[in-house]
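Each chain is listed here by its residues.
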Amino acid sequence: LLKYIDAAPPVLSMLGSFHIDLVQTVGIVGARNASSAGQKLTRMLAEDLGRAGYVIVSGLARGIDAAAHQASLMTGTVAVLAGGLDRIYPEENLPLAEEIVANGGLLVTEMPLGWEPRSRDFPRRNRLVSGLSRGVVVVEAAKRSGSLITARYALEQNRDVLAVPGSPLDPRAEGSNALIREGAELV
């Protein structure tokens, strides 16, 4: 899938199972400061999609990303990193990254070993999350968030964009609700 995106990475570094099926993939992204309801719904979606044969792709961030990876450990998950394979960010998710590899999942990055992720590296990571996915589900996203960057890349890459609605009073749902108004599939 990555061969067909703009600015396809010339080199990838990977750690984990190279036998993971990257044909049936769904990206799940959302807020780092996710609500407990958002995390619960993410776990339900990731588990159900995993049982249906899909591999979950996300960015190993706090909140929604971490919930998606945790829920899909047994069915297949790919964590796309903004730094080198030896520079897991956030550091608190290092045990999760180790679990992903131990359970047959995959860590992927276009950055070299030793690369400390910088703020400008995260949009590049987001383009790979959407690029590795047939479609992207946005669970919670503020009006200006990395999740909306991922959704924009998904649209540019001709991928499906889906969004979970949230309370109109919750700023964590402004971006995902806007995606639905703009034509994203309702989850």
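Every chain is numbered on its own, with residues counted from 1 as its sequence reads. With pLDDT at 70 or above as the cut-off, local features in this predicted model cover only qualifying residues; side-chain atom pairs require 80 or more to be listed or tallied, and sums for whole chains, interfaces and linings still use all residues. Only hydrogens and water are removed before side-chain values are computed, so all heavy atoms of the structure are retained for them.

> What am I meant to see in the overall build of the chain here?
For the purposes of this entry, the term helix denotes a DSSP run of H or I that reaches at least four residues, the term strand denotes a run of E that reaches at least two, and both are numbered from the N terminus. Broken down by element type, the chain carries six helices and eight strands. Listing the helices and strands of the chain from first to last along the sequence gives β-β-α-β-α-β-α-β-α-β-α-β-α-β. Rg of the C-alpha trace for the chain: 15 Å, near the compact-globule value of 16 Å for 187 residues, within the 12% margin. Relative to its full complement of 187 residues, the chain shows a buried share of 52%. Contacts are assigned to residue pairs that have any heavy atoms within 4.5 Å of one another. Restricting the contact set of the chain to residue pairs at least 6 apart, pairs at least 24 apart contribute 73%. A total of about 9200 Å² of accessible surface is found on the chain, and carbon and sulfur atoms cover 54% of it. Separation between the mean location of the 19 positive side-chain charges and that of the 20 negative ones in the chain comes to 4 Å. The quantity called the radius of gyration is restricted to C-alpha atoms. Its globule counterpart is 2.2 Å times the number of residues to the power 0.38. Relative accessibility under 20% of the residue-type maximum defines a buried residue, over 50% an exposed one, and the middle range a partly exposed one, all with a 1.4 Å probe and only protein chains included. Calculation of accessible area relied on Shrake-Rupley with a 1.4 Å probe; when residues are assessed, cover is drawn exclusively from the protein chains displayed. Charged residues are defined narrowly, with Lys and Arg counted positive, Asp and Glu counted negative, and His plus the chain ends left uncounted. Charge placement uses NZ in Lys and CZ in Arg. For Asp and Glu, CG and CD serve respectively.

> Would you explain the environment of G175 in this entry?
Within the secondary structure, G175 sits in helix 6 (residues 174–181). C-alpha of G175 to C-alpha of A141: the two residues are 34 residues apart in sequence and 4.8 Å apart in space. Excluding anything up to four places from it in sequence, G175 contacts A141, A142, K143 and L148.

> Would you take a moment to explain a nonpolar patch on the surface for this structure?
On the surface, a nonpolar cluster with roughly 270 Å² of combined accessible area is contributed by L12, M14 and F18. Take M14: it is sitting in strand 1 (residues 13–16). Patches here: salt-bridge-free residues with over 30% relative accessible area, like charges joined within 9 Å, nonpolar side chains (Val, Leu, Ile, Met, Phe, Trp, Tyr) joined within 5 Å. Salt bridges, as used here, are contacts in which a Lys or Arg side-chain nitrogen is within 4 Å of a carboxyl oxygen on Asp or Glu.

> Got a minute to help me understand the packing of helix 1 (residues 36–51) against helix 2 (residues 64–71) in this structure?
A pair of packed helices is captured by two measures, namely the crossing angle of their axes and the spacing between those axes. Angles here are taken between N-to-C directions and fall from 0 to 180 degrees, while the axes themselves are lines fitted to C-alpha atoms, restricted in helices to the stretch in contact. Viewed as axis vectors pointing N to C, helix 1 and helix 2 meet at an angle of 35°, and their least axial separation amounts to 8 Å. As for how helix 1 packs across helix 2, the hand of that crossing is right-handed. Facing G38, Q39, T42, R43, A46 and E47 of helix 1, the residues of helix 2 in contact are I64, A67, A68 and A71. The residue inventory of the contact of helix 1 with helix 2, partitioned by class, reads five nonpolar, three polar and two charged. By definition, turning the near helix anticlockwise from the far helix through less than a right angle yields a left-handed crossing, and turning it clockwise yields a right-handed one. Each residue is assigned to one of three groups, with Ala, Val, Leu, Ile, Met, Phe, Trp, Tyr, Cys and Pro labelled nonpolar, Asp, Glu, Lys and Arg labelled charged, and all others, Gly among them, labelled polar.

> Help me understand the sheet that holds strand 7 (residues 160–163), please; the structure alone is not making it clear to me.
The pairing of strands in a sheet comes from backbone hydrogen bonds and takes either a parallel or an antiparallel form. At least two DSSP bridges between two strands are required for those strands to pair. Taken in spatial order, the eight strands line up as 1-5-4-3-2-6-7-8 in an open sheet, and their pairing is mixed. One side of each edge strand has no neighbouring strand; the edge strands of this open sheet are strand 1 and strand 8 (185–186). Pairing of strand 4 (residues 77–80) with strand 5 (residues 106–109) involves three bridges; the strand directions are parallel. Paired with A79 across the two strands is L107, which belongs to strand 5. Where helix 4 (residues 121–131) meets the sheet, it contacts strand 2 (25–29), strand 3 (55–58), strand 4 and strand 6 (135–138), and its direction lies at approximately 155° from that of strand 4.

> I keep staring at the environment of Y54 and nothing clicks. Help me out?
Looking at where Y54 falls in the secondary structure, it is placed in the loop between helix 1 and strand 3. Once you skip the residues sitting within four places of it in the chain, Y54 turns out to touch Q24, T25, V26, L49, T75 and G76.

> What am I meant to see in the packing of aromatic side chains here?
Any two aromatic rings considered together are summarised by their centre-to-centre distance and by the angle between their planes. Any pair of Phe, Tyr and Trp rings, taking the six-membered ring for Trp, is counted once the centres come within 6.5 Å. Such a pair is stacked with planes under 30 degrees apart, edge-to-face with planes over 60 apart, and tilted for the rest. Enumeration according to the criterion identifies one aromatic pair in this entry. We call a charge positioned over a ring when the NZ of a Lys or the CZ of an Arg lies within 6 Å of the ring centre and within 35 degrees of the ring normal. The residue whose ring lies beneath R152 is Y153, and the NZ or CZ to ring-centre distance is 5.1 Å.

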